[in-house]
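Structural characterization, general
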Amino acid sequence: MNMSNLVRSGANIMMPFILVYGFYIVVHGHLTPGGGFQGGAVIATAVVLLMVAYSRADVFASIPKNVLKNSETAGLLLFIGTALLALTAGIAFFGNWLLGAGSLFGTPVAFGINPGDINTGGIIPILNIAVGIEVLGAMGILLLVMLGGMKGDAE
Amino acid sequence: MMDFIMANAPALLIAVPMLGAFALPLVGRLGDTPRNGWILAVTLITAIIAALLAWTVLTGGPVLYTFGAASSSDAIPADSGGIPIRIIFTVDAMSAFMALFAAFVGFITCLYSVASERLSSGKDGYYALMLLLLVGILGMVTTGDLFNFFVFLEINSLAGAALVAYRIDKGVSVEAALKYGFLSTLAGLMVLYAIGLLYGQYDSLNMAVIASRMSYTMLDKVALALLIAGLALKAGAVPLHFWTPDAYSMAPAAVTAFLVVASQAGLYGLFRVLFSVYGLTLNYVTVGWAVIILGVLSMVVGVTMAIPQKDVKRLMAYHAVSQSGYMLLGVGVGLVVLGDAAAMDAFGRTAMEGGIFHIVNHAMYKGLLFLTAGAIFLQTGTRNLNKMGGLGHSMKWTMLFFIIGALAIAGIPPFNGFASKLMIYESVFAFSPVIAVIAMVVSILTLASFVKVFHAIFMGPQQPKYADVIEVPRPMLVAMGALALLTILMGIFPEQIVSTVIAPAANALIDQSAYVATVFGGV
């Protein structure tokens with residue numbers, strides 16, 4: 001059963017903000033409180049919002065389970081792949097092979113109080129992003145499964 | 001390539017099955033055959049890595065692996081003030097021994113699953129969880145960090161509970177899985193609380209650091225009690241065994257055989273905490289007797305509960321409880337005489353070797369028995385002993401493997417159960433004749449119970465309702481055959497196995513200072 005037009009419009013308006021906020025938490029994980037798990041969970045709340053506003057059929061139609069499953073797999077593979085690449089760089093498993101290399105996320109951290117540079121941290125932001133992708137997929141699937149277990153709509 | 005694998009063996013031991021599990025949803029899309037090939041390749045490679053690691057440890061001493069460091073042997077960074085701050089895997093002979101046979105059983109159970117679960121749905125999840133269970137076990141036995149141990153314990157518990165519920169069977173297995181999941185989480189929380197108590201006092205999570213600073217205060221005693229309770233629950237020792245009959249009987253057979261190893265990882269954790277973390281600071285006579293009492297209770301209660309069972313896997317589950325009592329007994333006797341060098345040399349060391357040898361023997365013959373029970377269930381659709389009979393006519397290989405497993409568990413020569421039980425009998429008799437007599441009586445009851453089971457399943461005329469029962473597919477026979485072969489080989493050559501693998505493992509437990517030096521010696 002769809003909620004009223006007002007609720008659906010509200011959900012539509014809030015949706016991009018929730019997603020952007022979630023991704024913000026994910027990519028700033030190495031600078032500010034939060035990180036991959038927290039950001040992924042925030043993104044998954046967008047699914048909850050859809051569930052509140054729209055009918056079951058609409059939710060299942062707009063969020064394909066396969067996409068969530070794929071993002072779960074992709075996140076996990078990115079995580080373990082990043083950790084394994086450290087071995088090929090000649091350092092220990094999970095070693096930070098991007099740190100201070102000057103390339104992606106490779107700027108050395110400035111000393112003292114500073115506003116924070118997102119291009120630092122080596123593999124830590126990458127692991128955060130991987131966890132974010134994994135968590136949004138897994139949480140989304142969990143929510144869809146729970147929705148699927150609910151009694152059908154009266155209509 | 002070889003050097004690369006050898007240098008990173010402890011990390012690859014965890015990374016390979018994890019990569020295998022994470023990639024499984026993609027591989028599974030290609031179909032059944034690629035998935036089976038993938039899973040067998042991953043578990044086989046893991047087993048080979050575990051063998052290489054064990055070889056390195058047994059020839060060259062304990063291996064240290066520091067995660068995330070520039071060099072994996074760099075346990076203590078120069079600017080850390082002499083404290084290891086990273087997660088460290090400390091692989092000594094005991095860890096390597098556990099990892100070796102856990103990885104092997106992982107491969108065997110997956111080989112068995114390829115045939116036994118060929119008609120099931122949801123195989124991507126099944127194999128991914130099998131691999132994660134393997135990761136949990138391997139992590140628990142190799143890590144040198146208490147919090148990391150807790151994380152792997154949780155991976156082990158959650159993957160195990162999900163696997164118990166894999167075959168839904170009208171919700172009964174879900175109930176068993178919930179029971180297992182909740183109790184394992186309870187065990188995990190007790191362990192976590194104890195870790196918190198230790199961390200608060202010693203400012204470190206590394207086992208070697210805590211061991212070197214251990215002063216056995218009141219808080220340490222509380223932590224010890226929590227650790228023993230939590231890990232004994234995970235290991236399924238009486239009086240904390242109540243999840244085992246449900247979980248072991250409702251899980252698919254391959255999972256049950258693997259869960260036996262999963263609970264032995266809990267047993268490993270218990271021994272590691274007692275010997276390597278607490279060691280001589282412990283009031284070892286009292287705690288040792290507590291472990292012995294847990295062991296004797298497990299032996300007696302387990303076997304007496306097993307005798308009246310009519311469900312074949314439930315019966316075997318109670319026998320598993322009973323057999324884990326032998327391991328606790330053997331190692332408990334070693335703990336009681338930990339501070340007494342003369343008694344340790346006279347019988348303590350043999351008792352510990354017997355207990356540790358029994359761990360691997362039990363994984364082999366109990367795994368074999370559970371796999372034969374699964375084969376019978378697959379072909380007849382029942383686990384009820386009263387409804388079986390005459391299967392010896394049609395399932396000859398399964399019958400042969402069952403006989404081998406049953407004689408091994410009852411401690412009949414020349415099978416491996418005899419070798420380890422004889423070591424336990426002899427050494428425990430020198431310590432306390434009464435307990436040795438109890439251990440022998442339990443063995444006789446085990447034999448009686450399995451004679452009954454054997455008769456009920458295989459003997460008698462062929463029954464009309466089982467007229468079209470045929471032997472199980474070849475991968476299942478190969479898996480059972482491999483375990484049966486090892487059961488016999490380890491029974492015929494116990495001396496070689498004890499001297500090359502088991503004795504170093506027992507020494508690694510006894511010698512706490514060597515464990516501490518593994519981490520601090522790398523400076």
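Bringing the overall build of chain B into the picture now. For chain B, the helix and strand inventory stands at 20 helices and two strands. Taking 523 residues into account, the globule formula puts the C-alpha radius of gyration at 24 Å, and chain B, at 22 Å, falls close to it. With the C-alpha coordinates aligned to their principal axes, the bounding extent of chain B is approximately 75 × 60 × 40 Å. A burial count over chain B gives 63% of its 523 residues as buried. Side chains of chain B give 24 positive and 23 negative charges; the mean places of these two sets differ by 14 Å.

Turning to the overall build of chain A, a few remarks are in order. When you go through chain A residue by residue, the secondary structure sums to five helices and zero strands. Ordered by position from N to C terminus, the α and β elements of chain A give α-α-α-α-α. Against the 2.2 N^0.38 benchmark of 15 Å for 155 residues, chain A shows a C-alpha radius of gyration of 19 Å, more extended than a compact globule. C-alpha atoms of chain A, sized along the principal axes, occupy 60 × 35 × 20 Å. When the 155 residues of chain A are sorted by exposure, 37% land in the buried category. At a minimum sequence separation of 6, the contacts of chain A that also span at least 24 residues come to 67%. As presented, chain A carries roughly 8400 Å² of accessible surface, and 72% of it is formed by carbon and sulfur atoms. Seen as two clouds, the 5 positive and the 6 negative side-chain charges of chain A have centres 11 Å apart.

Our next topic: the packing of helix H11 (residues 253-278) of chain B against helix H14 (residues 341-380) of chain B. All names here are of chain B. Packing of H11 against H14 leaves a shortest axis separation of 7 Å and a crossing angle of 165°. Judged on the interaxial angle alone, H14 and H11 are roughly antiparallel. Remark: the crossing between H11 and H14 carries right-handed chirality. Where H11 abuts H14, its residues Ala-253, Ala-254, Thr-256, Ala-257, Val-260, Val-261, Gln-264, Leu-267, Phe-271 and Phe-275 lie against Met-352, Ile-359, His-362, Ala-363, Lys-366, Gly-367, Phe-370, Leu-371 and Gly-374.

The omega angle of the peptide bond from Val-238 of chain B to Pro-239 of chain B is 5°, so this bond is cis rather than trans. As for its position among the elements, Pro-239 of chain B is in the loop between helix H9 (218-235) and helix H10 (243-250). A positive phi angle, near 70°, is found at Phe-94 of chain A, a position not held by glycine. Along the chain, Phe-94 of chain A falls in the loop between helix H4 (65-88) and helix H5 (123-149). Positive phi outside glycine occurs at Phe-105 of chain A, with the angle close to 55°.

Below, the discussion takes up the side chain of Asn-206 of chain B. Mapped onto the elements, Asn-206 of chain B comes out in the loop between helix H7 (172-202) and helix H8 (207-213). The contacts of Asn-206 of chain B, once residues within four sequence positions are left out, are Pro-84, Ile-88, Gly-144, Asp-145 and Val-519 of chain B.

The partner chain B presents 19 residues to the 14 residues of chain A that form the contact. Carbon and sulfur atoms supply 76% of the area that chain A and chain B bury against each other, a total of about 1300 Å² over both sides. On the chain A side of the contact with chain B, Ile-80, Leu-87 and Phe-93 of chain A bury the most area, a combined 37% of that side's loss. At the boundary of chain A and chain B, one finds zero salt bridges.

A word on the packing of aromatic side chains. By the definition in use, this model includes 21 aromatic pairs over all chains. Where Tyr-248 of chain B meets Phe-370 of chain B, the ring centres are 5.8 Å apart and the plane angle is 80°; that geometry is what we call edge-to-face. One end of the pair, Tyr-248 of chain B, is in helix H10; the other, Phe-370 of chain B, is in helix H14, and 122 residues separate them in sequence. For the pair Tyr-248 of chain B and Phe-370 of chain B, a shared accessibility class is recorded, and that class is buried. Cluster of aromatic residues (ring-pair linked, three or more members): Phe-79, Phe-93 and Phe-94 of chain A together with Tyr-65, Phe-67, Phe-89 and Phe-152 of chain B. Of note, Lys-366 of chain B hangs over the ring of Phe-370 of chain B, and the distance from its end group to the ring centre comes to 5.5 Å. A cation over an aromatic ring shows up here: Arg-383 of chain B above the ring of Phe-377 of chain B, its NZ or CZ 5.2 Å from the ring centre.

Looking now at the environment of Val-337 of chain B. Residue and element names in this part refer to chain B. As for its placement among the helices and strands, Val-337 is situated in the loop between helix H13 (312-336) and H14. Sequence separation between Val-337 and Leu-198 is 139 residues; the distance between their C-alpha atoms is 25 Å. Those residues within four positions of Val-337 in sequence are excluded, and the remaining contacts are Ala-343, Met-344, Phe-347 and Gly-348.

Residues and elements named next belong to chain B. Positionally, Ser-263 belongs in helix H11. The exposure class of Ser-263 is buried, given its relative accessible area of 6%. Reaching out from Ser-263, the side chain makes a polar contact with the side chain of Tyr-248 at a distance of 3.0 Å. Within polar-contact distance, the side chain of Ser-263 engages the backbone oxygen of Val-260 at 2.9 Å. Residues within four places of Ser-263 in sequence aside, it is in contact with Lys-234, Ala-235, Trp-243 and Tyr-248.

Residues and elements named next belong to chain B. In total, this model carries nine salt bridges over all chains according to the counting rule given. Of the charged contacts, one joins Asp-246 and Arg-314 as a salt bridge, the two residues approaching to 3.0 Å between their closest N and O atoms. Within this pair, whereas Asp-246 is found in helix H10, its partner Arg-314 is found in helix H13, the two being separated by 68 residues in sequence. What makes Asp-246 buried here is its relative accessible area of 16%. A relative accessible area of 25% means that Arg-314 is categorised as partly exposed.

Let's shift gears to the confidence of the model for chain A. In this model, chain A carries an average pLDDT of 87, and 96% of its residues clear a pLDDT of 70 or more. At the low end of the mean pLDDT range in chain A sits helix H3 (residues 56-62) of chain A, at 84; at the high end sits helix H1 (residues 5-27) of chain A, at 93.

The next subject is the pairing of strand E1 (residues 63-66) of chain B. Residues and elements named next belong to chain B. Of the two faces of E1, the one carrying Val-63 and Tyr-65 and the one carrying Leu-64 and Thr-66 are both buried. As paired elements, E1 and strand E2 (residues 88-91) share four bridges and run antiparallel to each other. Across the sheet, Tyr-65 pairs through a bridge with Phe-89, a residue of E2.

So, on to helix H20 (residues 512-520) of chain B. Residue and element names in this part refer to chain B. Those residues of H20 that sit buried are Gln-512, Tyr-515, Val-516, Thr-518 and Val-519. Each buried residue of H20 lies within a common arc of 145° when the element is viewed along its axis, so the set occupies one face. The secondary structure elements touched by the buried residues of H20 are E1, E2, H8, H11 and helix H19 (494-510).

All names here are of chain B. Between the first and last C-alpha of H13 there are 36 Å, a value that for 25 residues agrees with the 36 Å anticipated at 1.5 Å per step. Counted residue by residue, H13 has 24 buried out of 25 residues, so it is predominantly covered. Its side-chain oxygen at 2.9 Å from the backbone nitrogen of Lys-313, Asp-311 defines the N-terminal cap of H13.

So, how was this worked out
- Residues numbered from 1 in each chain as written.
- Chains lettered and ligands numbered in written order.
- Predicted model: local features only at pLDDT ≥ 70, side-chain atom pairs only at ≥ 80, totals over all residues.
- Heavy atoms only, no water.
- Helix = DSSP H or I, 4+ residues; strand = E, 2+ residues; numbered from the N terminus.
- Rg over C-alpha atoms; globule rule 2.2 N^0.38 Å.
- Buried < 20%, exposed > 50% of the residue type's maximum accessible area, 1.4 Å probe, protein only.
- Lys, Arg positive; Asp, Glu negative; His and termini not counted.
- Charge placed at Lys NZ, Arg CZ, Asp CG, Glu CD.
- Contact = heavy atoms within 4.5 Å.
- Areas by Shrake-Rupley, 256 points an atom, 1.4 Å probe, with all protein chains shown as cover.
- Axes fitted to C-alpha atoms, helices over the stretch in contact; angles between N-to-C directions.
- Parallel < 35°, antiparallel > 145°, perpendicular 65-115°, else oblique.
- Left-handed = near helix turned anticlockwise from the far one by under 90°.
- Buried area = accessible area lost by both parts, 1.4 Å probe.
- Salt bridge = Lys/Arg side-chain N within 4 Å of Asp/Glu carboxyl O.
- Phe/Tyr/Trp six-rings, centres within 6.5 Å; stacked < 30°, edge-to-face > 60°.
- Lys NZ or Arg CZ within 6 Å of the ring centre and 35° of its normal.
- Polar contact = N/O pair within 3.5 Å; in protein donor to acceptor, adjacent residues only side chain to side chain.
- pLDDT = per-residue confidence, 0-100.
- Pairing = 2+ DSSP bridges.
- Arc of directions from axis to C-beta.
- Expected span 1.5 Å × (residues − 1).

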